[in-house]
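Each chain is listed here by its residues.
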Amino acid sequence: EDDGPQPEKHCGHGRGGMGEEVSRKEDKRFITGRGNYVDDIKKPGMLHCEIVRSPHAHARVKDIDGSRAEAMDDVVAVLTAEDLLEHDLATMPTLMDDTQDVLVNDKVKFQSQEVAAVIAKDRYAAKDGAERVEVDYEVLDPVVDAADALEEDAPLIRDELDDQEDNHIFDWETGDREATEAVFDDAAVTIEEDMEYQRLHPAPIETCGAVADWDPGMDKMTVHMTSQAPHAHRTLFSQVSGIPEHKVRIVSPDVGGGFGNKVPIYPGYVVAAAASYVLEEPVKWVEERSENIQTTGFARDYDMTGELAATEDGEITGVKVDVLANHGAYNAAAQPSKFPAGFFNIFTGSYDIEAAYGSLTAAFTNTAPGGVAYRCSFRVTEAVYLIERLVKVLADELDVDPAEIRRKNFIPSEAFPYESATGWNYDSGDYEKALDKALEMADYDHYREEQQRRIEEDADKLLGIGISSFTEVVGAGPGKQCDIAGIEMFDSADLRVNPTGNAVLRVGVQTQGQGHETTFAQIVAEELGMDVDSITVEHGDTDTEPYGLGTYGSRSTPVAGAAAAVAARKVRDKAKSIAANELEAAEEDIEWDRESGEFHVAGAPDRSITITEIAAGAYMNHPDSEEPGLEATNYYDPPEMTYPFGSYIVVVEVDRETGEVDFEKFVAVDDCGNRINPMIIEGQIHGGLAQGIGTAMMEEVTYDDNGNVTGGDFMNYLLPTANEIPNFETGHTVTPSPHHPIGAKGVGESPTVGSPPAIVNAVTDAMTHAGVSHVEMPMTPDVVWEHLDEVGLAQ
Ligand code: PCD
């Protein structure tokens, strides 16, 4: 009866519904210093936890002596694996069903791993105590590189596992090998490129932490923690501790950035909870920066070899990829259970490719565990990088314009819904439109001419133009495909309208900064004709919110956003019956008008009633046919993922003397279907592009041969600042998702996913004429200069 809003049609009816640039409700508390982050939480009698970490990457723990720490006045306890064993808490399951030590029992497997914990009356005493814990290590040879780890003589990292004879974790494959080989055999042209997606860290400004509070009077454990998935974490906490789920309360208060880092459970959370249980006092644990980078979930670390097969005139017929994945010391990647390589198999990208095949091997190394989805729907970032780099290499090989080769191979807009060679069902897209818009915004032809002119004039600064026309897959996900630890990846919303006409919406997801308290209220405002200011969005508390799977993989809009719209429509349906009662008309004759937000009698627009009047009726004069009250709940199992896309164009200047790269122009055209809040979307794009620049130009977690983390703090892990960020020019097209109730797709991750290949394509493009086909990330000046030097362009 109602297909929901159509593209851009409902902007600006003035109540803060779809498409309006409503100011962020949460910003009042953030910019006035009234946010409530985990480290702001203080409880009477609260103790502090500091973790003793291993300086070695691979070592047997022979003895731990905590007596000097315990003798200190303000130190309350020193905990080791032995203490945790007593309560059956010495190990915890990872999201990929591996078993990780909470505190090291026997052997350290990566530098800075958790060995013991000191609980003290204040943070300083805890830190002093930790320095006095003496650990006797027998140092073993480490292996940090995935290829080395798979050599026959490599040290065995997981010797506690009975069936583990080497460092191999799993093999995975996708697509049709034979069909792909056949296409490659027949191909007129093939290209191949090795490329590494270096190890990154999400590095949110707020590190991870928890305040655990065991209440022996209520037999209840309350944990305030930096969690992107409070309900899933409650279920896991309950399973690990044996405390029944209804006696565990997880609260995720304000979160200072998550970016996938706060999806897994880390030992620190469990230690804080165990300490609170044993000591019967609240216990706070908050990481320092280097602890966060060195021990919590890293991202990427894929070593890829990609190949394309094509006809002479550039029609891509096949894609092949082989990956070596470094998973660190435990298999603690954050992926849906059935996808060990996440959504990497979407590597056919935006192109209509006949045959595809991918294989991957994952290895343990003596490095921190991870493989989290850092601003990325699982492994889609690696997949997009692969295909967008390969397309550029093919364009150069055939000497055709990279924009033209994309246009030639795009899945045509009339082919949607489209099934890819690796089995993904794309909902909608118009790739050419987005590319054309980006080309125009970027003044592409002008820069191509300018590039040529500089080559001819042997200019000091070369110009490079890079394109990325990416497709994302977000909104995990349909229960039949996606689960985490067995729980289907639906999400939920619960909407209650009060007698005075305002409402509370409770959702299963929460915000880590991206503005749900505003945008989810906009969805309800749109669907009920209420004013956005009269809707409060609550999230992040498992005692009050309906069950949901959490915020990551740009899933909130596609899944919980859909649940909010459906819950609001259920309320609207009931509202009709109340309206009929109030207006003394038959229910079938009641119509809802999206523009005015009012209900009226068909053919008599004057006989109308607002949702506020209906709310009063629901509590004060409810019809006999209905229960009193006005509320609805929806658990939404999405029928499919959504597929946002875009085209980014980057123009860089490369200095032949220093290897420095300057951004001349940075254009980002995104399509996320119907847009809830264009201002928030623009902010999302800016933030994600900044992270893409960090990825392409600066960031990497590095290790030396002894397993020391050499890129484990902000002196060495370089985040971009305002200095490194150019002016972004953003644009959009609107191709609604046909299956989403409000036609929206996710958008938060698109810029981080789409921009690194555009940037690398641009820098490479500046040197293509001299024969450079690839530059590895991060493209620091020395890396770029080496390439310039190799092909005789350096000055
Ligand atoms: N939107 C709109 N419209 C549309 C879409 C969307 O408006 N169409 C908006 C919403 O509402 C939100 C945003 O936008 O607010 C986003 O969304 P999405 O895409 O759906 O997503 P979500 O789920 O919500 O979120 C998540 C994301 C992610 S994932 C990440 S990384 C990042 C992003 O988000 N993170 C962050 N963003 C952000 N921001 C901030 N501030 N902070 C943070 O932390 Mo992962 O997986 O986790 O890695």
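Residues numbered from 1 in each chain as written. Predicted model: local features only at pLDDT ≥ 70, side-chain atom pairs only at ≥ 80, totals over all residues. Heavy atoms only, no water.

Enquirer: I keep staring at the overall build of the chain and nothing clicks. Help me out?
Expert: Assigned secondary structure in the chain consists of 19 helices and 33 strands. Compactness check: the chain gives a C-alpha radius of gyration of 28 Å against a globular reference of 28 Å for 795 residues, within 12% of the reference. Seen through its C-alpha atoms, the chain measures out along the principal axes to roughly 85 × 75 × 50 Å. The burial tally for the chain puts 63% of its 795 residues in the buried class. A separation threshold of at least 6 residues defines the contact pool for the chain, and within that pool the share at least 24 residues apart is 79%. (Helix = DSSP H or I, 4+ residues; strand = E, 2+ residues; numbered from the N terminus. Rg over C-alpha atoms; globule rule 2.2 N^0.38 Å. Buried < 20%, exposed > 50% of the residue type's maximum accessible area, 1.4 Å probe, protein only. Contact = heavy atoms within 4.5 Å.)

Enquirer: How should the sheet that holds strand S6 (residues 107-108) be read in this particular structure?
Expert: Adjacent strands of a sheet pair through backbone hydrogen bonds, lying either parallel or antiparallel. An order of S6-S2-S8 is seen for the three strands of this open sheet, with the pairing classed as antiparallel. Edge positions in the sheet fall to S6 and strand S8 (134-139), since each has one partner strand and no second. Here strand S2 (residues 59-65) pairs with S6 via two bridges, running antiparallel. Counterpart to Arg-60 in the pairing with S6 is Lys-107. (Pairing = 2+ DSSP bridges.)

Enquirer: Can you help me understand the site of the ligand in this one?
Expert: Around the ligand, a shell composed of 36 residues is seen, among which Ala-373, Arg-375, His-516, Gln-684 and Val-747 lie nearest. Contact distances for the ligand include 3.4 Å between a nitrogen atom and a backbone N or O atom of Cys-672. Measuring from a nitrogen atom of the ligand, one finds a side-chain N or O atom of Gln-684 at 2.6 Å. Of all the secondary structure elements, the ones that give two or more residues to the shell around the ligand are helix H14 (516-528), helix H15 (556-583) and helix H17 (678-697). When grouped by side-chain class, the residues that make up the shell around the ligand number twelve nonpolar, 19 polar and five charged. Looking at which domains feed residues into the shell around the ligand, each of domain 1 (27-35 + 491-636) and domain 3 (298-476 + 641-790) gives three or more. (Near = heavy atom within 4 Å. Polar contact = N/O pair within 3.5 Å; in protein donor to acceptor, adjacent residues only side chain to side chain. Nonpolar A, V, L, I, M, F, W, Y, C, P; charged D, E, K, R; others polar. Domains from an automatic or database assignment.)

Enquirer: What is the right way to look at the pairing of strand S28 (residues 598-601) in this model?
Expert: Two faces make up the sheet, and in a regular strand the side chains alternate between them. Strand direction decides the pairing type here: strand S27 (residues 590-593) and S28, joined by four bridges, are antiparallel. Each bridged residue has a counterpart across the sheet, and for Trp-592 the counterpart in S28 is Phe-599. Joining the antiparallel neighbours S27 and S28 is a turn of four residues, in which Gly-597 adopts a positive phi near 75 degrees. For S28 and strand S29 (residues 604-609), the ladder comprises three bridges, and the chain directions are antiparallel. Opposite Val-601, over in S29, you have Ala-604 as the bridge partner. With antiparallel pairing between neighbouring strands as the criterion, S28 and S29 make up a hairpin whose turn holds two residues, including Gly-603 at a positive phi of roughly 80 degrees.

Enquirer: Help me out: how do you make sense of the domain arrangement of the chain in this one?
Expert: Reports of interface size often rely on the accessible area that becomes lost once the parts have come together. Under the domain assignment used here, the chain contains domain 1 (27-35 + 491-636), domain 2 (38-140 + 207-255 + 262-295) and domain 3 (298-476 + 641-790). Taken together, the contact between domain 2 and domain 3 spans 21 residues of the former and 26 residues of the latter. Summing both partners gives a buried area of about 1,800 Å² for domain 2 against domain 3, and 61% of it is carried by carbon and sulfur. Area buried by domain 2 at its contact with domain 3 is led by Met-96, Gln-111 and Ile-293, which between them contribute 33% of it. The interface formed by domain 2 and domain 3 includes eight residue pairs in polar contact (both at pLDDT 80 or more). Contributions of two or more residues to the side of domain 2 that touches domain 3 are made by strand S5 (99-101) and helix H9 (289-295). For the side of domain 2 that touches domain 3, the leading source of residues is H9, giving five residues. When the residues that make up the side of domain 2 that touches domain 3 are grouped by side-chain class, the tally is eight nonpolar, nine polar and four charged. (Buried area = accessible area lost by both parts, 1.4 Å probe.)

Enquirer: I keep staring at the packing of aromatic side chains and nothing clicks. Help me out?
Expert: Centre distance and the angle of the planes are the two values used to describe a pair of aromatic rings. Applying the stated criterion to the full structure yields 26 aromatic pairs. A ring pair is formed by Tyr-426 and Tyr-643, whose centres lie 4.7 Å apart and whose planes are at 15 degrees; its orientation type is stacked. Taken together, the residues span a long stretch of sequence, with Tyr-426 in strand S20 (residues 425-426) and Tyr-643 in the loop between strand S30 (631-636) and strand S31 (645-655) at a distance of 217 residues. On the basis of relative accessible area, Tyr-643 is assigned to the buried category, the value being 0%. In this structure an aromatic cluster arises from ring pairing among Tyr-351, Phe-410, Phe-416, Tyr-418, Tyr-426, Tyr-431, Tyr-643 and Phe-645. Across from the ring centre of Phe-298, 3.5 Å away, lies the NZ or CZ of Arg-199, which sits over that ring. (Phe/Tyr/Trp six-rings, centres within 6.5 Å; stacked < 30°, edge-to-face > 60°. Lys NZ or Arg CZ within 6 Å of the ring centre and 35° of its normal.)

Enquirer: Quick question: what am I supposed to make of the pattern of salt bridges here?
Expert: Proximity of charged atoms lets side chains of opposite charge pair with each other. For the structure on display, the rule yields 50 salt bridges. Measuring nitrogen to oxygen at the nearest pair gives 2.8 Å for the salt bridge that ties Glu-526 to Arg-594. One end of the pair, Glu-526, is in helix H14; the other, Arg-594, is in the loop between S27 and S28, and 68 residues separate them in sequence. Exposure class is identical for Glu-526 and Arg-594. Each is buried. A salt bridge links Glu-527 to Arg-569; the shortest N-O distance between them is 3.0 Å. Of this pair, Glu-527 sits in helix H14 while Arg-569 sits in helix H15, and the two are 42 residues apart along the sequence. We classify Glu-527 as buried; its relative accessible area is 0%. A residue is classified by how much of its surface remains accessible, and Arg-569, at 16% relative accessible area, is buried. (Salt bridge = Lys/Arg side-chain N within 4 Å of Asp/Glu carboxyl O.)

Enquirer: Would you explain the side chain of Thr-94 in this entry?
Expert: Looking at where Thr-94 falls in the secondary structure, it is placed in the loop between strand S4 (91-93) and S5. The class of Thr-94 is buried, set by a relative accessible area of 10%. What Thr-94 contacts, discounting residues up to four positions off in sequence, is Gln-100, Tyr-330, Asn-331 and Ala-332.

Enquirer: What is the right way to look at unusual backbone geometry in this model?
Expert: Phi is mostly negative for residues that are not glycine, and the peptide bonds are mostly trans. Between Phe-416 and Pro-417 the backbone carries a cis peptide bond, its omega angle lying at -5 degrees. Counting through the fold element by element, Pro-417 comes out in the loop between helix H11 (402-409) and strand S19 (418-419). Residue Gly-477 is bonded to the preceding Ala-476 through a cis peptide linkage, with omega at -25 degrees. Within the element layout of this structure, Gly-477 appears in the loop between strand S21 (461-471) and strand S22 (483-484). The phi dihedral of Phe-378 falls on the positive side, at around 60 degrees, and the residue is not glycine.

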